[in-house]
Amino acid sequence: MIDFDSQKVNVLGTTYLICQDDTLKERERDGECDTYKKEIHLRAVDDMLDATDDAEAKEMRYKEVFLHEYIHALFWESGADDYCDDERLVILLERQLPKLYKTLKEMEVLE
């Protein structure tokens, strides 16, 4: 299982802290990106989805949420402020980037 808690990630040269945020569950959110504090907040892996979902599904959701919040940060750090809060565009990229990466990797376009 992946654990991003208390780690950092590079977003176009800017360091963002990745931290577990227990208040997100109460607010019915899985994650948030604070572009001013340079933080990505995520619910704990075990708190993702429902209690009936298995660990593999919860981890998959955790990774999706991380990617989603990372894309928010990516738009902000690239100066595309108009797109930073565009949930439809962020969701589209969150869902399509893994597929695009896999295809480009298979085509040996990426190292």
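Residues numbered from 1 in each chain as written. Predicted model: local features only at pLDDT ≥ 70, side-chain atom pairs only at ≥ 80, totals over all residues. Heavy atoms only, no water.

A. How the structure looks around the pairing of strand β4 (residues 39–42). Burial along β4 is two-sided: the face carrying E39 and H41 and the face carrying I40 and L42 are both buried. Taken together, the 4 bridges between strand β2 (residues 14–20) and β4 define a ladder with parallel strand orientation. Among the inter-strand pairings, Q20 is bridged to a residue of β4, identified as L42. Two strands pair when backbone bridges link them, and strand β3 (residues 31–34) and β4 are joined in this way by 4 bridges, in the antiparallel orientation. By the bridge assignment, C33 is partnered in β4 with I40. A loop of 4 residues connects β3 with β4, the two strands running antiparallel in sequence, and K38 in this loop sits at a positive phi of about 60°. (Buried < 20%, exposed > 50% of the residue type's maximum accessible area, 1.4 Å probe, protein only. Helix = DSSP H or I, 4+ residues; strand = E, 2+ residues; numbered from the N terminus. Pairing = 2+ DSSP bridges.)

B. Geometry of a negative patch on the surface. Taken together, the side chains of D81, D82, D85 and E87 present a region of like negative charge at the surface. Within the fold, D85 resides in the loop between α3 (81–84) and α4 (87–106). (Patch = residues over 30% accessible without salt bridge, like charges linked within 9 Å, V, L, I, M, F, W, Y side chains within 5 Å. Areas by Shrake-Rupley, 256 points an atom, 1.4 Å probe, with all protein chains shown as cover. Salt bridge = Lys/Arg side-chain N within 4 Å of Asp/Glu carboxyl O. Lys, Arg positive; Asp, Glu negative; His and termini not counted. Charge placed at Lys NZ, Arg CZ, Asp CG, Glu CD.)

C. Up close: the environment of L24. Counting through the fold element by element, L24 comes out in helix α1 (residues 23–26). Owing to a relative accessible area of 0%, L24 belongs among the buried residues under this scheme. When the C-alpha atoms of L24 and D47 are compared, they prove to be 9.7 Å apart, with 23 residues separating the residues in sequence. When neighbours within four sequence positions are excluded, L24 is seen to be in contact with R29, D30, G31, E32, H41, L42 and R43. (Contact = heavy atoms within 4.5 Å.)

D. Local environment of α4. The terminal C-alpha atoms of α4, which comprises 20 residues, lie 29 Å apart, in line with the 28 Å expected from a rise of 1.5 Å per residue. Along α4, the sharpest kink reaches roughly 35°, centred on Q96 and followed within four residues by the proline P98. At the N-terminal end of α4, a side-chain oxygen is found 3.2 Å from the backbone nitrogen of R88, two or three residues along, and the residue is D86. One or two positions beyond α4, positive phi appears at E108, with a value near 60°. (Expected span 1.5 Å × (residues − 1). Bend = angle between axes of the 7 residues up to and from the residue. Polar contact = N/O pair within 3.5 Å; in protein donor to acceptor, adjacent residues only side chain to side chain.)

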